[in-house]
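Analysis of the macromolecular model
These are the residues of each chain, in order.
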Amino acid sequence: MVVKDVYERPLRNLRISVTDRCNLRCGYCMPEEDYVWLPREQILDFEEISTLAEVFMDLGVDKIRLTGGEPLLRRGLPELARLLAGKPRLRDLALTTNGVLLREQAPALRAAGLHRVTVSLDTLRPERFSALTRRASHAQVLEGIAALAPAGFTGTKLDTVVMRGVNDDELADLIEYGRTVPAEVRFIEYMDVGGATRWSIDKVVSRAEMLQILERRYGRIEPVVEESTAPADRYTLADGGVFGIIASTTEPFCASCDRSRLTADGVFYLCLYAQKGVDLRGPLRRGASRDELHALIAGAWGRRADRGAEERLRLRDRTPLVQIGRLREDPHLEMHTRGG
Ligand code: SAM
Ligand code: SF4
Ligand code: SF4
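Please read all numbers here as calculations on a predicted model, not as lab measurements.

Some details on the site of ligand 2
- Taken together, Cys22, Leu24, Cys26, Tyr28, Cys29, Met30, Gly69 and Asn98 make up the full set of residues near ligand 2.
- Within the shell around ligand 2, the residues separate by chemical class into six nonpolar, two polar and no charged.

Describing the nonpolar core
- Membership of the largest hydrophobic core comes to 100 residues, with the highest contact counts inside it found for Ile64, Leu66, Leu158, Phe187, Leu214, Phe243 and Phe268.
- Per element, the largest residue contribution to this core is seven residues, and it comes from helix H1 (residues 46-58).
- Residue contacts for Leu214: discarding those within four places in its chain leaves Leu171, Ala172, Ile175, Phe187, Gly219, Ile221 and Phe243.

Topic: the sheet that holds strand E12 (residues 278-279)
- Spatial strand order, E7-E8-E9-E6-E5-E4-E3-E2-E1-E10-E11-E12: twelve strands in an open sheet with mixed pairing. On the outer flanks of this sheet lie strand E7 (221-223) and E12, each paired with one strand and no other.
- In terms of strand pairing, strand E11 (residues 267-269) meets E12 through two bridges, oriented antiparallel. Each residue of the ladder has a partner; that of Phe268, found in E12, is Val278.

Description of unusual backbone geometry
- The amide bond that connects Val181 to the next residue, Pro182, takes the cis arrangement and shows omega of -5°.
- Of note, Pro182 is situated in the loop between helix H7 (171-180) and strand E6 (184-189).
- Phi at Glu8 is positive, roughly 65°, even though this residue is not glycine.
- You can see Glu8 is positioned in the segment before strand E1 (13-17).
- Residue Glu8 is classed as exposed on the basis of its relative accessible area, which comes to 54%.
- For Arg134, which is not glycine, the phi dihedral falls at a positive 60°.
- Looking at the element boundaries, Arg134 is found in the loop between helix H4 (126-133) and helix H5 (138-146).
- For Arg134, a relative accessible area of 29% puts it in the partly exposed group.

Side note on the layout of surface pockets
- By volume, the second largest pocket amounts to about 300 Å³.
- Lining the second largest pocket, in full, are Val18, Thr19, Asp20, Arg21, Leu38, Arg40, Ile43, Leu73, Arg74 and Arg75.
- In the lining of the second largest pocket, the residues fall into four nonpolar, one polar and five charged.

Remarks on the site of ligand 1
- Lining the immediate surroundings of ligand 1 are 18 residues, of which Tyr28, Gly69, Thr97, Ser120 and Met191 lie closest.
- In this structure, Gly69 approaches ligand 1 through a main-chain N or O atom, which is 2.9 Å from a nitrogen atom.
- Here a nitrogen atom of ligand 1 sits 3.3 Å away from a polar atom, N or O, in the side chain of Glu70.
- Considering ligand 1 on its own, with 540 Å² of exposed area, one finds that the protein chains cover 95% of that surface.

Here's the deal with empty space enclosed by the protein
- Enumeration according to the criterion identifies one cavity of 30 Å³ or more in this entry.
- In this structure, the largest cavity occupies an estimated 40 Å³ of space.
- Forming the walls of the largest cavity are Tyr35, Val36, Leu327, Arg328, Pro331, Glu334 and His336.

Some points on the environment of Ile175
- Its location among the elements puts Ile175 in helix H7.
- The sequence separation of Ile175 and Gly244 amounts to 69 residues, and the corresponding C-alpha distance is 10.0 Å.
- When neighbours within four sequence positions are excluded, Ile175 is seen to be in contact with Val185, Phe187, Leu214, Tyr218, Leu237 and Phe243.

Quick notes on H5
- Among the residues of H5, His138, Val141, Gly144 and Ile145 are the ones counted as buried. Down the axis, H5 shows its buried residues gathered within 120° of arc, on one side only.
- The secondary structure elements touched by the buried residues of H5 are helix H3 (102-112), strand E4 (116-120), H4, helix H6 (148-151), strand E5 (157-162) and H7.

The rules behind the values
- Residues numbered from 1 in each chain as written.
- Chains lettered and ligands numbered in written order.
- Predicted model: local features only at pLDDT ≥ 70, side-chain atom pairs only at ≥ 80, totals over all residues.
- Heavy atoms only, no water.
- Near = heavy atom within 4 Å.
- Nonpolar A, V, L, I, M, F, W, Y, C, P; charged D, E, K, R; others polar.
- Core = buried A, V, L, I, M, F, W, Y, C linked by side-chain atoms within 4.5 Å.
- Buried < 20%, exposed > 50% of the residue type's maximum accessible area, 1.4 Å probe, protein only.
- Helix = DSSP H or I, 4+ residues; strand = E, 2+ residues; numbered from the N terminus.
- Contact = heavy atoms within 4.5 Å.
- Pairing = 2+ DSSP bridges.
- 1 Å grid on protein atoms, 1.4 Å probe; cavity = no way out; pocket = protein on both sides within 12 Å on 5 of 7 lines; lining within 4 Å.
- Points joined across faces, edges and corners; volume = space filled by probe spheres on them.
- Polar contact = N/O pair within 3.5 Å; in protein donor to acceptor, adjacent residues only side chain to side chain.
- Areas by Shrake-Rupley, 256 points an atom, 1.4 Å probe, with all protein chains shown as cover.
- Arc of directions from axis to C-beta.

Dropping the structure here:
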């Protein structure tokens, strides 16, 4: 059974945040000094995550991405990967990580059956990395990326949030670095999601500008024609190189969005920009049956009319989505809680 929302969008993709904690402080995600963390006793254990994953699969989910916060901070993550990878209906099990702890964990994650890894990498310059993330962990991230191929991972991706005046001079360098990994680089437009309290439109480098910058270096760039609901549009360089752009801010892809999110404490969100979610932890811990959980999730998805990024696009005088005061009152509005 595949549930559809009011715009006939199926539920196929689930991003599971396994922790709201992080060992970096990226300026576009966690710019503050301190945060309100989710209470430990409310964090789902692996059995609970596995049970909910099954329920989601009954309703059409066949792709899961583990994320956070920083997912590699969650103790025993390979065990969760093993539980999920063992589910025959799951076609794709991926992980998004900042890479700091990847070198140590890559072999165990691969052995557990994790299919693919995406590492967030915004710069190749150590001092710039330290300024961007407020932690001096650049060398560890590069070591983590280098550990992926020897551990047996293929299909690696590198995600770069592009910001004007910050790292927009490194696009070609990142593509060249990606070839050596090997990994496909995807450039993400800076988004005004919860947590991005320092966002402003003048810092957004649009897809059109990124393509102009890259054409100056590489010559003609051709779009790859493919049927996909993936957020990245892919492009080929004249020399055969491929990269992606996720134009989430200037050309959002809500019309085909099949993605949803589960926070580490079991709240289900239908859209990255949604202000409210559906609590699944409460019913699960009270012993709700599989049918009851189906009804909760399918009912919420059936009413889904979210097109968050498109609605933001229509605003004039756009400012950050949520101000710091409200983020402190409700940490579920934070990107690092919701799971990027
Ligand atoms: N900590 C892990 C990492 O950084 O890969 C996983 C969680 S992080 C929230 C997931 C992704 O969200 C990262 O690639 C990050 O760059 C992206 N992200 C966070 N804030 C963003 C923003 N304001 N605009 C665009 N992407 C953002
Ligand atoms: Fe950076 Fe990811 Fe941590 Fe956010 S959750 S601060 S994007 S490493
Ligand atoms: Fe999907 Fe919401 Fe993002 Fe649009 S804004 S692509 S509906 S998650």
